[in-house]
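Close look at the chain arrangement
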Amino acid sequence: MSTSSLNRSGFGSPVPLLAVLASGLVGIALALVFFVAPEDADQGLSQKIFYFHVPIALTAYACFGWGAFKALLLLWRKEERYDLESYVAVHQGTIFGALTLATGSIWAKASWGHWWLWSENQLVLFLVLFLFYSAYFMLRFSIEEGPRRANISAVYALFGIALVPVSFLAIRLAENVIHPTVFTREGPQMTGTMFFTFCVAWVAISALAYALYRLELLGKRLDSNLRELREALSS
Amino acid sequence: MTFLADVATLARKDLRLELRARDTLPAMLLFVVSTLVVFRFALPEGADDVAAQGADDVAAQGLLWVALVFTALLGLARAWAPEREGGALEGLVLAPTDRSAIWLGKSAAVFIFLCALDAVALPAFALFFAPVSLSTVAGVLLANVGICAIGTLLAAMAAASRTRELILPLLFLPLAIPLVVGGVGAGVSAEPARFLAFLGLYDGVFAILCWASFEYVVSE
Amino acid sequence: MISARALEKRYGRKRALRPLDLDVASGSFLVVTGANGSGKTTLLRLLAGLAAPSRGTLEVAVDRGRLGYLGHEALVYRELTALENLDLYGRLYRVPERRERIGMLLERFGLWEARGERASAFSRGMLQRLALCRALLHDPDLLVLDEPFTALDVQGAALLDHQLAELGGTRTVVVSTHEPERLQRLASARLALT
C-alpha cells in the first residue's frame, strides 16, 4: 500500500495542476459574472449570487454522491483507501453545503429581506442535510479508528444519499400543507450570455471542489505515510 | 423460513426481557405523558380556546409528533442495552443467523413497544389537546415502522461510539424529519392519503437500506 | 481445517497481530501461547470470524454453525436464566433435541441446580461454565477457546480438562492459555506469539 500511495502522492501528482486550473476557472467565472453577464431586470445585482449559489449547491450534492459511491465501494471491495476517499468527499460536501446555506441566505436577504425562508425548498433541504452530515463527523470521531469506524461511516454516508430525495419529497409535501407558500419565485429566465456564465461558474466550482478533494486526500495520505515511517523507524 | 424463525426467536427474547425488567416501557409511558403536560404549560395564553376550537390543529399535531419522536429516542437509547451488558451481541453475530435477522428481530420488538406507547400517548393527547383522527393513527403506525427500522440500526451504530447516548439523537433527528412531515400532514391535510403514501415510501426505502447494511454495522 | 498466510490485523494505526502463517489440520489440538498484547485474542477472534483480516488470507473450513467460540466475555443475556440463554442459542444454532442437549451440558458443567437463575446472579466461575455450555451446545467441529480456564475453580477446571480430553482427536480445538503445561498431554501443535 505504501509504495503505490507514495506514487500517488509524490512527484507527478495532479494536485498542483488542478489547483492552478481551478483557480483560473474561478477567476474567469468571477470576471464573467461581474463584468459580462447582464444584470437581471427584476433583481439587479443580487441575482448574481445565483451564479454561485446554484453551482455550489449542485457541487455539494455531487460531493455527497461521490462520498456515497466510495462508501459503497468500501463495503463491497473492503479496501481501506475507500474509507478516506469517502470521508474527504463528505467533508467537501459539508463545506459546500454550508456555503450553499450561506449564499442562499444572502440571496434571500437581498431579494426578500429575510435571512431565512422556509418556503425555499432548496435551502430547507440543505439545512436537513447539513444537520445529517454534521452528525456524520460527530459519529466518526467518537469511534476508534479501524474497520468498525470505516464500515459505520460508510453505511451512514449511504443513508445520507437516500435521505436527499426523501427529504426533498417531504419538503415539497410540507410546503403545500404545513407551510403554505407565501413567496412565489420564478426561476431566472436566462439569456444566452447568462446561461453561458452559469455553465462556466458551474465548471469552475466543480473544478474547485475536485481540486480541494484531491488536495485534502493528498494531505491526509502524506500524514498517514509519515506516521507509518515514524513507527517503522522507532520499532 | 429459518430467517423468520430467528427473527421471531429474537423478538420474543426482547419482549421477555422487557416484561421481566419492566424498566424501559414504563419510563417511556411516563415520559410521553409528562412531555404532553409540559407542552400544555408551554403554550402561550389563549391556548385553551385554540385547542378547543381545533383552530390551530397543526400546532397541536406538531406537539404530538415531537412528543412521540423524543419518547421513541428514549426507548431506542436502551434498545441494545441487554446485548451490551453481557456481550451477547457477539454471541448473535457468531451464530449462523443472518445479521439482518438480528436487526429485524430487534426492530420488531421496538415496534411493539412503540405501539404500546401510542396506546397511551394518543388518548392522552386527545384528552389534553384535541381529538385524534383516524388518519393520524394510520400515520403514527406507519411512522412507527420507519422509527423502529432506522432507530434500531442507528442505536447499534451509537453503541459502537464513545459518546453513545449523546450521539443517538443527533443521528436520528435529521432522519426523523420526513417522518414528522408525513405524520403531521396525515393528521392535518385534507388529502391524508398522499402523506400516508409518502410514509410508506420512507418505510420501504429505509427498511431495505437497513436490512442490507446492518451486517456492516456490526462487523469488524 | 485452518490455513492462514501473512495474516495480519490492524485497528487503525495499532497493530494487533503481526503477519502470521498458520496451518491447522483437522483433528489437531493447537495451544496458543504468548505474552499479553501479543495478539492471542485477536488471532482467535479472526479464526472465529468476529473480525476480518486487515491483510493476508485466512481460510477456515467450517461455517458459523459448526464453530464454537469462547471469549473473554460470556456472551450471554444477564437478565435471562441459564436455561433461557441456552435455549435461545439452541434455537439460533438449530440444535437437534435441544432440551436434552442443554440438560446434558448443564449437568456436565455442574449448573443444573442453577439453571433457573438469571445469569446476573452467577459468579464469574459459573458464567465461564455457562459460556462453555454455549460454546459446546451445537457440537461444533471447530472449537476456539480464549483462555478458557480463567475464573474456573478447581472443580470447574477439572470438568473442562475432562471435556477437552474427550474432544481432542475427534474435533479440532484451538486454545489460548497462560498455562500451557496444563494442556501438555492433549496438545498436538503449539504456537507461540511474540
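Residues numbered from 1 in each chain as written. Chains lettered and ligands numbered in written order. Predicted model: local features only at pLDDT ≥ 70, side-chain atom pairs only at ≥ 80, totals over all residues. Heavy atoms only, no water.

Quick notes on the overall build of chain A
A count of helices and strands for chain A gives seven helices and zero strands. Order of helices (α) and strands (β) in chain A, N terminus to C terminus: α-α-α-α-α-α-α. Going through the 235 residues of chain A one by one, you find that 48% of them count as buried. In chain A, 77% of the contacts between residues at least 6 apart in sequence involve partners at least 24 apart. (Helix = DSSP H or I, 4+ residues; strand = E, 2+ residues; numbered from the N terminus. Buried < 20%, exposed > 50% of the residue type's maximum accessible area, 1.4 Å probe, protein only. Contact = heavy atoms within 4.5 Å.)

Digging into the interface of chain B and chain C
Buried accessible area, meaning the area lost when the parts come together, often serves as the stated size of an interface. Chain B puts 26 residues into the contact, and the matching count from chain C is 28 residues. Each partner contributes to the roughly 2600 Å² buried at the junction of chain B and chain C, and carbon and sulfur atoms together form 57% of this total. When residues of chain B are sorted by the area they lose upon contact with chain C, R20, L94 and E220 of chain B head the list and together hold 29% of the total. Run the count over chain B and chain C and you get five salt bridges. Seen at the junction of chain B and chain C, the total is 13 residue pairs in polar contact (both at pLDDT 80 or more). When residues of the side of chain B that touches chain C are traced back to their parent elements, those giving at least two are α1 (2–21), α5 (81–86) and α6 (88–94) of chain B. In terms of residue count, the dominant contributor to the side of chain B that touches chain C is α1 of chain B (nine residues). Split into classes, the residues belonging to the side of chain B that touches chain C amount to nine nonpolar, six polar and eleven charged. (Buried area = accessible area lost by both parts, 1.4 Å probe. Salt bridge = Lys/Arg side-chain N within 4 Å of Asp/Glu carboxyl O. Polar contact = N/O pair within 3.5 Å; in protein donor to acceptor, adjacent residues only side chain to side chain. Nonpolar A, V, L, I, M, F, W, Y, C, P; charged D, E, K, R; others polar.)

Some words on the sheet that holds strand β2 (residues 14–24) of chain C
Residues and elements named next belong to chain C. Ordered by their spatial adjacency, three strands build an open sheet running β2-β1-β4, and the pairing between neighbours is antiparallel. Every interior strand has two partners, whereas the edge strands, β2 and β4 (55–60), have only one. Recorded for the sheet is a direction-independent mean angle of 25° between the axes of neighbouring strands. Bridging between strand β1 (residues 2–11) and β4 involves five bridges; their strand directions are antiparallel. Within β4, the residue paired with A4 across the bridge is L58. (Pairing = 2+ DSSP bridges. Axes fitted to C-alpha atoms, helices over the stretch in contact; angles between N-to-C directions.)

A closer look at the interface of chain A and chain B
In this complex, chain A contributes 30 residues to the contact, which on the side of chain B involves 36 residues. Each partner contributes to the roughly 2900 Å² buried at the junction of chain A and chain B, and carbon and sulfur atoms together form 80% of this total. A per-residue breakdown of the area chain A buries against chain B is headed by R148, F159 and L173 of chain A, which together make up 23% of the total. Applying the counting criterion to the chain A and chain B interface returns zero salt bridges.

Quick notes on the side chain of S28 of chain C
Residue and element names in this part refer to chain C. Turning to its location among the elements, S28 is positioned in the loop between β2 and β3 (29–34). We classify S28 as buried; its relative accessible area is 12%. For S28, the residues in contact, after removing those within four places along its chain, are R171, T172, V173 and S188.

Some details on empty space enclosed by the protein
All names here are of chain B. Enumeration according to the criterion identifies three cavities of 30 Å³ or more in this entry. Estimated volume of the largest cavity: approximately 70 Å³. In terms of lining, the largest cavity is formed by L76, A77, A79, W80, R84, A155, A158, A159, R164, E165 and L168. Among the elements of the structure, α4 (57–77), α8 (134–159) and α9 (164–188) are those that each provide at least two residues to the lining of the largest cavity. Along the lines of polarity and charge, the residues of the lining of the largest cavity split into eight nonpolar, no polar and three charged. (1 Å grid on protein atoms, 1.4 Å probe; cavity = no way out; pocket = protein on both sides within 12 Å on 5 of 7 lines; lining within 4 Å. Points joined across faces, edges and corners; volume = space filled by probe spheres on them.)

Structural notes on the packing of aromatic side chains
Per the stated rule, a full pass over the model turns up 15 aromatic pairs over all chains. Arranged with centres 6.1 Å apart and planes meeting at 50°, the rings of F198 of chain A and W202 of chain A form a pair that is tilted. Here F198 of chain A and its partner W202 of chain A are both found in helix α7 (residues 192–234), four residues apart, which amounts to about one turn of the helix. We classify F198 of chain A as buried; its relative accessible area is 11%. With centroids separated by 5.2 Å and ring planes inclined at 25°, the aromatic side chains of F125 of chain B and F129 of chain B adopt a geometry described as stacked. The pair formed by F125 of chain B and F129 of chain B is uniform in burial state, with each residue classed as buried. In this structure, R77 of chain A is placed above the aromatic ring of W76 of chain A, and the distance from its NZ or CZ to the ring centre is 4.7 Å. (Phe/Tyr/Trp six-rings, centres within 6.5 Å; stacked < 30°, edge-to-face > 60°. Lys NZ or Arg CZ within 6 Å of the ring centre and 35° of its normal.)

What about the packing of helix α4 (residues 81–112) of chain A against α7 of chain A?
Residue and element names in this part refer to chain A. Contact geometry of α4 with α7 gives a least axis separation of 10 Å together with a crossing angle of 135°. Between α4 and α7, the crossing angle belongs to the class labelled oblique. Here α4 runs over α7; the crossing is right-handed. Of the residues in α7, those touching α4 at R81, L84, E85, Y87, V88, A89, H91, Q92 and F96 are I205, A209, L212, Y213, E216, L217, K220 and R221. (Parallel < 35°, antiparallel > 145°, perpendicular 65-115°, else oblique. Left-handed = near helix turned anticlockwise from the far one by under 90°.)

Quick look at the packing of helix α2 (residues 24–42) of chain B against helix α7 (residues 99–128) of chain B
For any two helices packed against each other, the geometry comes down to the angle between their axes and how far apart the axes lie. Residues and elements named next belong to chain B. At their nearest, the axes of α2 and α7 sit 10 Å apart, and the two run at 25° to each other. Classified by the interaxial angle, the pair formed by α2 and α7 is roughly parallel. Two packed elements cross with a definite hand, and for α2 against α7 that hand is right-handed. Packed against α2, whose contacting residues are L25, M28, L29, V32, V33, L36, V37 and R40, the element α7 presents F113, L114, A116, L117, V120, A121, A124, F125 and F128 at the interface.

Concerning the layout of surface pockets
As a volume, the second largest pocket reaches approximately 970 Å³. Lining the second largest pocket are 35 residues; nearest its centre among them are R148 of chain A, E90, A160 and E220 of chain B together with R45 of chain C. For the lining of the second largest pocket, the elements supplying multiple residues, two or more each, are α6 (147–177) of chain A, α5, α6 and α8 of chain B together with β2 and α1 (40–48) of chain C. A per-element tally of the lining of the second largest pocket places α6 of chain B first, with four residues. Classifying every residue of the lining of the second largest pocket gives 15 nonpolar, seven polar and 13 charged.

Overview of unusual backbone geometry
Glycine aside, negative phi is the norm for most residues, and most peptide bonds take the trans geometry. Residues and elements named next belong to chain C. In this structure, A6 is a non-glycine residue whose phi angle is positive, near 50°. Structurally, the position occupied by A6 is in strand β1. Of note, E147 is a non-glycine position whose phi angle comes to about 45°, a positive value. Its location among the elements puts E147 in the loop between β6 (142–146) and α5 (154–167).

Quick look at the environment of A130 of chain B
Residues and elements named next belong to chain B. Inspection of the secondary structure assignment puts A130 in the loop between α7 and α8. When its relative accessible area of 7% is taken as the criterion, A130 is described as buried. For the pair A130 and I147, spaced 17 residues apart in sequence, the C-alpha separation works out to 24 Å.

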